[in-house]
Amino acid sequence: MTFRLTILGCSSARPAPSRHHTAHVLNVHEQFFLVDCGEGTQYQMARYGINPLKINVIFISHLHGDHTYGIFGLLSTIAMMGRQRALEIVAPKPFAEMLHSHLAFYQVELPYPLEIHEVDARESIMVWENRVMTVTTLPLRHRVPCCGYLFREKEPGLNVQKEAIEYYGLDPRQLAALKRGEDVELANGMSLPCDEVTYRPYEPRSYAYCSDTTPSGKVATLVHGVDLLYHEATYLHADKALAAKTGHSTALQAARIARKAEVATLLLGHYSSRYKELQPLLEEAQTEFAHTLLGEDGLILTLEKDHSLKIGEK
C-alpha cells in the first residue's frame, strides 16, 4: 500500500540551475496526484520516471506562474500520448477561465475531457475523495487566493487474525462479517466478538502541502499531527521583512509552524534563487524543529505502514 512523494521542483519564482519550479507527485496506493505544475514539470516527470498518463488528479494551489506555467504543455503532451479518460483538476478560481482562454487562443482540442473543480481558497473543506483517500483544502495567506491541500488516507479495512481463523474454523461468510466489524455466531452457538479477533493492518498516513503563505496559526491547527508537512521556506529569517512583504515564510517560521502542529516531519521548499546553497535554510529550521528535511529536485520520500519515513535516492 504505497504512500510516496516525489519532489519534481523546489524553486520559487526564478528557477536555479539545479532547482525547477514547484511540483510534487504523490503516489497513494498506485494512484498518482500532481500537486502544482510549475514550468518544466513534464521534463522532470520524464527525468524521474513518472508516466504523465498515470496522473489521476492535478491540484493547483494558486494562479501564479511558478505553480501553473507547466500545465499547458503537460496537457498537450498527455493528449499526444493518447489519453482518453477524463482528467480532473482542482484549483482556485478563475483557473477554468485562464485554462480555456489558453486552449482557445492556441486552438487546442484535447481528446480527453477536463473536469475542473474550482474551490474557494478561503475555506477548509473536503474537495476530493475516493475509496482510499480524502483531500481537504487549507486556506493560506498569500498575495492572491491560495490554498494548500491535506491528503489523508482512509482507515483500511479490518483483518482477521490467522490464528483465530484456524482455531474457530471460520468460514468465508463469518470472515466477511468480521471484516465488516460484526460479531459472528459460532457453530456451538457462542458469539465471537469482532474486536477480539480483528485488527487494523496500519493507521492512516497523511501529507499536508502548504505552498506560498505567510505563517498561519490556523494552518498549524488544520495539519496537526500529520506525518509529513511540506511548508514553503522561501527565505532565511534575516529576510523576514521581505518574506512578509511578498507573502512568504522563512525557514524558521516554517519550523515554528511544524513545532506548533506537532507534525512528525517537516519538508522545506520553494527557495529563493538568491540562495546558492540550501544548507543554511535547513540549519535555521532545525534550531526550532529537529525533524526537518530539505526538499530538493528528485527527492523521494516513502511513508511506510508503521509511519516511518524512508528517504530514497535523487
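Analysis parameters
Residues numbered from 1 in each chain as written. Predicted model: local features only at pLDDT ≥ 70, side-chain atom pairs only at ≥ 80, totals over all residues. Heavy atoms only, no water. UniProt positions renumbered as here; feature names shortened; annotations may be inferred. Axes fitted to C-alpha atoms, helices over the stretch in contact; angles between N-to-C directions. Helix = DSSP H or I, 4+ residues; strand = E, 2+ residues; numbered from the N terminus. Left-handed = near helix turned anticlockwise from the far one by under 90°. Contact = heavy atoms within 4.5 Å. Nonpolar A, V, L, I, M, F, W, Y, C, P; charged D, E, K, R; others polar. 1 Å grid on protein atoms, 1.4 Å probe; cavity = no way out; pocket = protein on both sides within 12 Å on 5 of 7 lines; lining within 4 Å. Points joined across faces, edges and corners; volume = space filled by probe spheres on them.

- Under an unreviewed UniProt entry, the name given to the chain is Ribonuclease Z, and the source organism is Candidatus Rikenella faecigallinarum.
- Recorded in UniProt for the chain, the comment headed Function (unreviewed entry) runs: "Zinc phosphodiesterase, which displays some tRNA 3'-processing endonuclease activity. Probably involved in tRNA maturation, by removing a 3'-trailer from precursor tRNA."

### What about the packing of helix α10 (residues 251–261) against helix α11 (residues 279–286)?
Link 1 in the chain: The N-to-C vectors of α10 and α11 enclose an angle of 40°; their axes lie 8 Å apart at closest approach. In this structure, α10 meets α11 at a crossing whose hand is right-handed. Contact with α10, carried on its side by Ala251, Leu252 and Ala255, involves Leu281, Glu284 and Ala285 of α11 and no other residues of that element.
Link 2 in the chain: When grouped by side-chain class, the residues that make up the contact of α10 with α11 number five nonpolar, no polar and one charged.

### Thoughts on empty space enclosed by the protein
Link 1 in the chain: Following the criterion strictly, the structure yields one cavity of 30 Å³ or more and no others.
Link 2 in the chain: Counted as a void, the largest cavity has a volume near 30 Å³.
Link 3 in the chain: Around the largest cavity, the lining residues are Phe3, Arg4, Leu5, Leu26, Tyr207, Leu228, Leu301 and Leu303.
Link 4 in the chain: If you list the elements that add at least two residues to the lining of the largest cavity, you get β1 (3–9) and β18 (300–303).
Link 5 in the chain: Taken together, the residues of the lining of the largest cavity break down into seven nonpolar, no polar and one charged.

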